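As a plain string of letters, each chain reads:
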Amino acid sequence: MTPLHSVSVAGAVVREVFEETGVRGEVERLTGVYKNMARGIVALVFRCRPVGGDARISDEASAVGWLTPAEVGERMAEVYAVRLLDAVGGGGPQVRAHDGRRFVS
């Protein structure tokens, strides 16, 4: 087991994406910081690009697929869709807060 202090954030992202989806990725950049005000949870979202692996579902991913921006808006709740749309947008990292259903900032 790797000591916690020696695990990079990018390394943890790559590991989690692979464990949950079967897709090997490479972190490109941080795209957003999102706070769920109701639950006190902060999520850091990173844009990654796929570099290998075989997509599969898991206990933590009920579906794995590639969506257009329009499909993201149609298929996902707002608080999750915005994270993906921010990631494919060209701006710097976004900082947003939500109440679990709607964004408040």
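Everything quoted here is computed from the prediction, not taken from an experiment.

Trainee: Can you explain the pattern of salt bridges? Please cite residues and give values.
Mentor: Under the defined criterion, the tally for this structure stands at 7 salt bridges. Between E26 and R49 there is a salt bridge, with its nearest N and O atoms 3.1 Å apart. Taken together, the positions of E26 in strand β1 (residues 23-36) and R49 in strand β2 (residues 41-53) put the pair 23 residues apart, joining distant regions of the chain. When salt bridges with common partners are traced through the structure, they connect R15, E16 and E19 into a single cluster.

Trainee: Run through helix α1 (residues 9-21), naming residues and quoting values.
Mentor: Counted at 1.5 Å a residue, the expected span for α1 with its 13 residues is 18 Å, and the 18 Å between its end C-alpha atoms agrees. Looking one or two residues past α1, G22 carries a phi angle of roughly 80 degrees, positive in sign.

Trainee: Kindly report on the layout of surface pockets, identifying the contributing residues and their values.
Mentor: To find leftover empty space, a probe the size of one water molecule is rolled over the atoms. Quantified by volume, the largest pocket comes out at close to 1,600 Å³. Lining the largest pocket are 35 residues, with V17, T21, V45, F46 and L84 positioned closest to its centre. Elements with a contribution of two residues or more to the lining of the largest pocket: α1, β1, β2, α2 (69-75) and α3 (78-88). Considering every element that reaches the lining of the largest pocket, the biggest residue donor is β2, with 7 residues. Split by residue class, the lining of the largest pocket holds 22 nonpolar, 5 polar and 8 charged. Of the pockets and cavities examined, the second largest pocket occupies roughly 160 Å³. As for the second largest pocket, its lining consists of Y34, N36, R39, I41, A43, V79, Y80, R83, H98 and G100. Elements that contribute at least two residues to the lining of the second largest pocket include exactly β1, β2 and α3. The leading source of residues in the lining of the second largest pocket is α3, at 3 residues.

Trainee: Could you give me a rundown of the environment of D86, with the residues and numbers involved?
Mentor: Note on placement: D86 falls in helix α3. Taking relative accessible area as the criterion, D86 reaches 13% and is therefore assigned buried. As a C-alpha pair, D86 and Y34 span 52 residues in sequence and 11 Å in three-dimensional space. Those residues in contact with D86 that lie beyond four places of it in its chain are T31, Y34, Q94 and R96.

Trainee: Hey, could you go over the packing of aromatic side chains for me, with residue numbers and the actual values?
Mentor: Aromatic rings considered in pairs are described by the distance between their centres and by the relative angle of their planes. Per the counting criterion, the structure on display carries 1 aromatic pair. Ring plane angle 70 degrees and centroid distance 6.5 Å describe the contact between Y34 and F103, whose orientation is recorded as edge-to-face. With Y34 in strand β1 and F103 in the segment after β3 (94-98), the pair connects residues that are 69 residues apart, well separated along the chain. Each member of the pair, Y34 as well as F103, is classed as buried. We note R24 situated over the ring of F18; from NZ or CZ to the ring centre the distance is 3.8 Å.

Scoring rules and cut-offs
- Residues numbered from 1 in each chain as written.
- Predicted model: local features only at pLDDT ≥ 70, side-chain atom pairs only at ≥ 80, totals over all residues.
- Heavy atoms only, no water.
- Salt bridge = Lys/Arg side-chain N within 4 Å of Asp/Glu carboxyl O.
- Helix = DSSP H or I, 4+ residues; strand = E, 2+ residues; numbered from the N terminus.
- Expected span 1.5 Å × (residues − 1).
- 1 Å grid on protein atoms, 1.4 Å probe; cavity = no way out; pocket = protein on both sides within 12 Å on 5 of 7 lines; lining within 4 Å.
- Points joined across faces, edges and corners; volume = space filled by probe spheres on them.
- Nonpolar A, V, L, I, M, F, W, Y, C, P; charged D, E, K, R; others polar.
- Buried < 20%, exposed > 50% of the residue type's maximum accessible area, 1.4 Å probe, protein only.
- Contact = heavy atoms within 4.5 Å.
- Phe/Tyr/Trp six-rings, centres within 6.5 Å; stacked < 30°, edge-to-face > 60°.
- Lys NZ or Arg CZ within 6 Å of the ring centre and 35° of its normal.

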